[in-house]
Amino acid sequence: MATTAPPRYARILVKLSGEALMGAADYGIDPAVLRRIAGEIVAIAATGVQAALVVGGGNIFRGAGLARAGMDRGTADQMGMLATVMNALAMQDSLESLGLQSRVMSAIRINQVCEDYIRRRAIRHLEKGRVVIFAGGTGNPFFTTDTAAALRAIEIDADVLLKATKVDGVYSDDPVRNPAAVHYPRLTFDKVLADKLNVMDATAIVMCRDNRLPLRVFNLNRSGDLTRIARGEDVGTVVTFE
């Protein structure tokens, strides 16, 4: 009799950019894209994997971009944090419409619409089979949601941090602009830093390296890749500490 292989990971954290929720639009959230991503999270949860998410806010406001346009950086980043809360609430609604309980936990206090982030409570939600969506970044300006993803993954003792992108892993150059760019199936954190590869910001990379948290970069637009990663298939690029 055929048996289904157990999932490779017990607990994961998936980092989604806000732009991933736009689909083909220039702004906002594409409900079809949101539902497809939620469906993949539901499929992972059905295998017994505990899943957490960090969602960016670049489809609504990007703090660094507003700061370059002349706005105070602290104020711009606070607007970006609020945008992540909006995206997290949308993701929560989509997950729960598919029957999967979820909780939004924010690093900034906004508890009329979501819970405050408390590490032990977040872990308890995960242990009960709920998806936890971390919003509000780290709660501080000047830190990206990449750094927030690394921080939360370490805090909840995730087995791996999954970075969703528009391409199937890490390349030596932008593969859209340069068809000759080389795909890396495996990297070390030190090489990512030394070669200045565009994976995550340097703070997030150093945090993953120093806390021995593996990172896997994959293509969000390839349906089923999240489930394949959870099963242990070699998808995208894996970045490790050795």
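The structure we're discussing is the one just above.
A brief report on the enclosed structure follows. (Residues numbered from 1 in each chain as written. Predicted model: local features only at pLDDT ≥ 70, side-chain atom pairs only at ≥ 80, totals over all residues. Heavy atoms only, no water.)

**Notes on the side chain of Thr 138**
Reasoning step 1: Relative to the helices and strands, Thr 138 is located in the loop between strand S5 (131–135) and helix H5 (145–155).
Reasoning step 2: For Thr 138, a relative accessible area of 15% gives the class buried.
Reasoning step 3: One polar contact links the side chain of Thr 138 to the main-chain amide nitrogen of Asn 140, over a distance of 3.3 Å.
Reasoning step 4: Not counting residues up to four positions away in its chain, the partners in contact with Thr 138 are Ala 107, Phe 143, Thr 147, Ala 148, Leu 151 and Arg 152. (Helix = DSSP H or I, 4+ residues; strand = E, 2+ residues; numbered from the N terminus. Buried < 20%, exposed > 50% of the residue type's maximum accessible area, 1.4 Å probe, protein only. Polar contact = N/O pair within 3.5 Å; in protein donor to acceptor, adjacent residues only side chain to side chain. Contact = heavy atoms within 4.5 Å.)

**Here we look at helix H4 (residues 119–127)**
Reasoning step 1: What H4 keeps buried is the set Ala 122, Ile 123, His 125 and Leu 126. Down the axis of H4, the buried set is contained in an arc of 155 degrees. They therefore lie on one face.
Reasoning step 2: Downstream of H4 by a residue or two, Gly 129 has a phi angle that is positive, lying close to 90 degrees. (Arc of directions from axis to C-beta.)

**Details of the pairing of strand S3 (residues 102–106)**
Remember that side chains alternate between the two faces of the sheet whenever the strand is regular.
Reasoning step 1: With 4 of 5 residues buried, S3 is to be regarded as a mostly interior element.
Reasoning step 2: By the bridge criterion, 5 bridges tie S3 to S5 in an arrangement that is parallel. Across the sheet, the residue bridging to Val 104 is Ile 133, located in S5.
Reasoning step 3: Sheet analysis places S3 next to strand S4 (residues 115–116), joined by 2 bridges and oriented parallel. (Pairing = 2+ DSSP bridges.)

**Focus on helix H7 (residues 202–210)**
Reasoning step 1: Residues of H7 that are buried: Ala 204, Ile 205, Met 207 and Cys 208. Along the axis of H7, the buried residues cluster in a sector spanning 165 degrees; they form a single face.
Reasoning step 2: Tucked into the core, H7 has its buried residues touching H5, strand S6 (160–165), helix H6 (189–194) and strand S10 (215–219).
Reasoning step 3: For H7, the N-terminal capping position is held by Asp 201, with its side-chain oxygen 3.0 Å away from the main-chain nitrogen of Thr 203.

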